[in-house]
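Coordinate analysis (summary)
Each chain is listed here by its residues.
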Amino acid sequence: MRASEKIESVANFLRLYSPIVIDTLIEKNTQGVLWKNVVFIHSSPGAGKTSLLRVFEPVSLRTLFNSKSSPDYKELFGQLKKLEVINEDKIELLGVTLHCTRNYETLEELDVSAGQKTRFFFSLLNSRIILSTLRSILQLHNKSFPEGLKEIKFDYVNETNHFINLKLPCTGQELYDWASEVEKKIYIAIDSFLPVEDIKPDGHDELFAFSALTPESLKVNDQPACSKILFMLDDTHKLSSNQRTRLQKYVLEKRGNFNIWISERLEALEPKENLGSFQNRDYEEINLERFWDDRKSKLEKILVNIANKRASLSTEDVTSFQEYIESDLNEETYKNEFFDIINSTNSNIAQLTSHTDKFNEWLNYVSSFDGNPLEKAVLLKKMEILIVRHLKKDQLSLDFPHTQEELREKLKSDIEATAKLFMSKDSKIPYYHGLNALFNLSSNNIDQFLTFSSDLFEEMLSNKISGKEVTIDSGSQERIIRRIADKKWKELSKLIPHANDVIQFLNELGDFSQKQTYQANAPYAPGVNGFSIKEKKDPKLFKEGSWINNEIFNPLINVISTCVAYNLLEIKKTKQGEKGQICEVYYLNRWLCVKFDLPLSYGGFRHKSPDELMRWIKK
Amino acid sequence: MSPNKWNPYVLMRNEETASFFKDHFTQEGRKPLFILAKGFDVRMNIVISKLIECCPDVDLECLLIEFDEGPNSSSHKYKSLVDENIQELTTLLSNKTLVRRSVALLGGTGKNQKRVGDRNAAGIIHSYDEISKYTDIVVDISALPRGIYFSLIGKILSLVETKESPINLFVSVAENAAIDIKTKEFGADDDLNYLHGFGGRIELSSEIEEPVIWFPILGEGKVEHFRKAYNHIMSQNRPYEICPILPFPAKNPRRVDALIVEYHSLLFDELGIEAKSIMYVPEQNPFEAYIRLNNAIKNYNLSLKPLKGCKAVASTFSSKLLSIGTLLTAYELREEIGVGVLNVDSEGYIIDDIEGVKNLKNQSELFLSWLTGQPYQKPDQKSE
């Protein structure tokens, strides 16, 4: 049930791939900014960047083209047709993927000048782009490697003498050998015990591969190799900061001549880039997690679809996922807990109202309530919250009794979720269960959904094998969900930079949110699990947002930026205060809500000043 | 198949080492350089103290590598052990030259932090001129981290072996399985890289089609390390075959059985490795490990010639002694075939029982592997 990068067969990958995310590319295409441009695809790990790029690789496009009428692929084919990537007659696009690895970064450690490091970086990129392009052409034209290279012709006017010692025009084989030699020398310079000056690798001043490799310059059997080329640079967060900056600067300056998609994790961005608005960047950006924000119901459909499709491949005859997730509480199992809650809440209410008779009508309503134990427990919890709220407000008011009509009206308010959360806090009644909880737990990240659902699926399989009921009851669901959240929390310190500060910060945020959420009057129902940053108003001294530029707050910037980059905090925009005023809220990723016993809903947040947030780190 | 460079070989152990020290280092004109690392391992000074005990008047220079492991290093936690080791060393070297060289294990900060110790270790000795005055170099890996000594020894080998009368290069190690068991590694690095100098051209895109054979030497408690190395190789280049290597014959005859039990689910259920792919190397002979590994890689390369040969990756999750065999194979075949060394560093160490570990120190076994110099010279060179 894991990431699509690990799904071996292209046919299986395409069958399991949900094409809805391609809508965002169609939007860009409609705006005229998708092609002849540089597009950055950003997300935290596991949101589906590599899978998105994989769709545009020659092998995927060929599979789609060859089975264009198959119901499994029809929708995806249609989407790609809208992007002018493929049509009924031919595949228009040559997708060239370059996976960036850590060995680019090693160039920074060479004992050479900064300028020389950039030249080596450019030559390594040039050579690998050329090698990858030639391989992609062979895949697109279904020719074998390396024999097919001879059928490729590279006809480029070498006016700027980029291709030193290569006689042009040349065959694909000659171009391949040339690029291999360039790559090999750089690689040897990185890995050798000898000094770089003994190896003399070629350094390039330009990333000329992007402009030299065109449909016009690359021919197969004297026909253009494709209609357009898309260079897809994956995982550029693995480059050093310098390399990423130089690559970005180069391609943005030269944009308009070629199609480049750069996919990287948010961690690649500078800390300040991860904070605040994503608007006003000088490049086109697709943020995969934000894309799903406005498409919740579509995402839910995709998630259940993915889970079911992957389950259908199971060999243990558990071919559905959704079917075996118990959605409601088993009321018989928790009957005793409900009675305990009824008793304890009744006695709490009796204590709260012992000095006043203005809630007598409400108490009469409860005593005549004819519901099952679950309904009665929820009703009592809700009423307890309402009474506390009234007692806080009513201290100075006259002692008029509250009517049943008033109670019925107030019970309609959104405190049911809070009541259930309060009930589960002090009992064994599960709170995190059901498909909706699983959808929420994804935090718009498909891999995160699969992390939870694959363990649940394992449980289904083991139930099946051991002859038990396959369906996972709500208690077992919560047990598994909490176990995964605990495991993720334990692993956190190994995975992230600024780990101590981040963990301290999250602990403080979790404690703060708990205190706010579990107040007896539930003032922020259904609960708090986020914050927004609000500076103290002192217009003479500070302008809004100025803390970001104050180096005193660098630790806070690093912490929040790391949290955003590693998908520990989600940024959501909320209308607040004066008309048209938008406030950015940093919500805990939903799995962290499990860790801190918080609700999975959005909307509950508190304003905090940068000073207050800094104190969370420095405690 | 080309002959193996270190066959025949010279390997000495325990008393053989002591008598060799007496014979060899008391010869006139001997000027050895002894390289060791500062650390908390109680075995840090075993070899050098044996050497000085056997030949107190030897004109020895000692290069002490002091690693800067960052604020989270285990060395801070076990500072008292480090201090005891340094106290002992300075006493031993009271009338000898001690040079300290600091090497950073980590570079960059925050999200840009990464391991650079291997490259820095290779830079400890820049050129042959820096070592030409020595007749012998002993690199004692007893307290050296695994991710470091490969590049250090590789660099020294590359400097000395091409000379007509190479310096005698030795690698020593004080082995003690009981101490290894009590010194537990925890956490396995996620961000893996081939060791500097031992990339084996594995990551060359122009040669990505060549099949990769992976030879992991299995050790206790390293399932997670194994898995991370496997994922790394898979993410870049699917291995054509995995040949797990088990230490046998071993002092504990049940050791292989225990390892098979520990790795069973991973090897056979998850990865579907066939039993015939398993190789055995003697637990206490790095040269035999080297010869078997060399032959296996050369055989694979020969068989896969129609596919333009193969590349190999070696990983050691076992003892430092056996890792010397991996080092020699990777060094010898790095150009002819391309053998990469993929190491998975741990985040730190926990010593279960410090006093118990100290008590075990004297039960350590001493091994000395002779890599270059006199025994490997051709007869006409020897007579000169």
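To start, this report covers the structure provided alongside it. Source: prediction; values computed, not measured.

Parameters and conventions
Residues numbered from 1 in each chain as written. Chains lettered and ligands numbered in written order. Predicted model: local features only at pLDDT ≥ 70, side-chain atom pairs only at ≥ 80, totals over all residues. Heavy atoms only, no water. Contact = heavy atoms within 4.5 Å. Buried area = accessible area lost by both parts, 1.4 Å probe. Salt bridge = Lys/Arg side-chain N within 4 Å of Asp/Glu carboxyl O. Helix = DSSP H or I, 4+ residues; strand = E, 2+ residues; numbered from the N terminus. Buried < 20%, exposed > 50% of the residue type's maximum accessible area, 1.4 Å probe, protein only. Expected span 1.5 Å × (residues − 1). Phe/Tyr/Trp six-rings, centres within 6.5 Å; stacked < 30°, edge-to-face > 60°. Lys NZ or Arg CZ within 6 Å of the ring centre and 35° of its normal. Pairing = 2+ DSSP bridges. Axes fitted to C-alpha atoms, helices over the stretch in contact; angles between N-to-C directions.

1. Side note on the interface of chain B and chain A
Contact residues are listed per partner, giving 32 residues for chain B and 30 residues for chain A. Both faces combined, the contact of chain B with chain A buries some 2600 Å², and carbon together with sulfur accounts for 46% of it. In this assembly, chain B and chain A are joined by three salt bridges. Ionic pairing is found between E207(B) and K184(A), a salt bridge with its closest N-O pair at 3.2 Å.

2. Observations regarding the side chain of S474(A)
Residue and element names in this part refer to chain A. Along the chain, the position of S474 falls in helix α21 (residues 474–495). Owing to a relative accessible area of 1%, S474 belongs among the buried residues under this scheme. Not counting residues within four places of it along the chain, the set of residues in contact with S474 comprises E326, D328, L329, N330, Y334, P430 and H433.

3. Section: helix α23 (residues 554–565) of chain A
Residues and elements named next belong to chain A. Taking 1.5 Å of rise per residue, the 12 residues of α23 would be expected to cover 16 Å, and the 16 Å separating its terminal C-alpha atoms lies within 8% of that figure. The element α23 is extensively covered by neighbouring structure, given that nine of its 12 residues are classed as buried. All of the buried residues in α23 are L556, I557, V559, I560, S561, T562, C563, V564 and A565. Against α22 (499–517), β10 (530–533), β11 (569–575), β12 (582–588) and α25 (610–618) lie the buried residues of α23. Looking one or two residues past α23, N567 carries a phi angle of roughly 60°, positive in sign.

4. Looking at the packing of aromatic side chains
Two numbers describe a pair of aromatic rings. These are the distance of the centres and the angle of the planes. All names here are of chain A. Applying the stated criterion to the full structure yields 45 aromatic pairs over all chains. Cluster of aromatic residues (ring-pair linked, three or more members): F154, Y156, F163, W178 and F208. The positively charged end of R135 is found above the aromatic ring belonging to F145, 5.2 Å away from the centroid.

5. Description of the environment of K79(B)
Mapping K79(B) onto the fold places it in helix α4 (residues 79–92). For K79(B), a relative accessible area of 49% puts it in the partly exposed group.

6. As for the sheet that holds strand β13 (residues 605–608) of chain A
Residues and elements named next belong to chain A. If you walk across this open sheet you meet the four strands as β11-β12-β10-β13, and the pairing is mixed. At either margin of the open sheet sits one strand with a lone partner, and together these are β11 and β13. On average, each strand axis in the sheet is inclined to that of its neighbour by 35°, with strand direction left out of account. Summarising the sheet, β10 and β12 pair through three bridges and their orientation is antiparallel. In the strand pairing of β12, F531 is matched with Y586.

Note that every value here comes from positions in space, so none of it alone points to a role or purpose.
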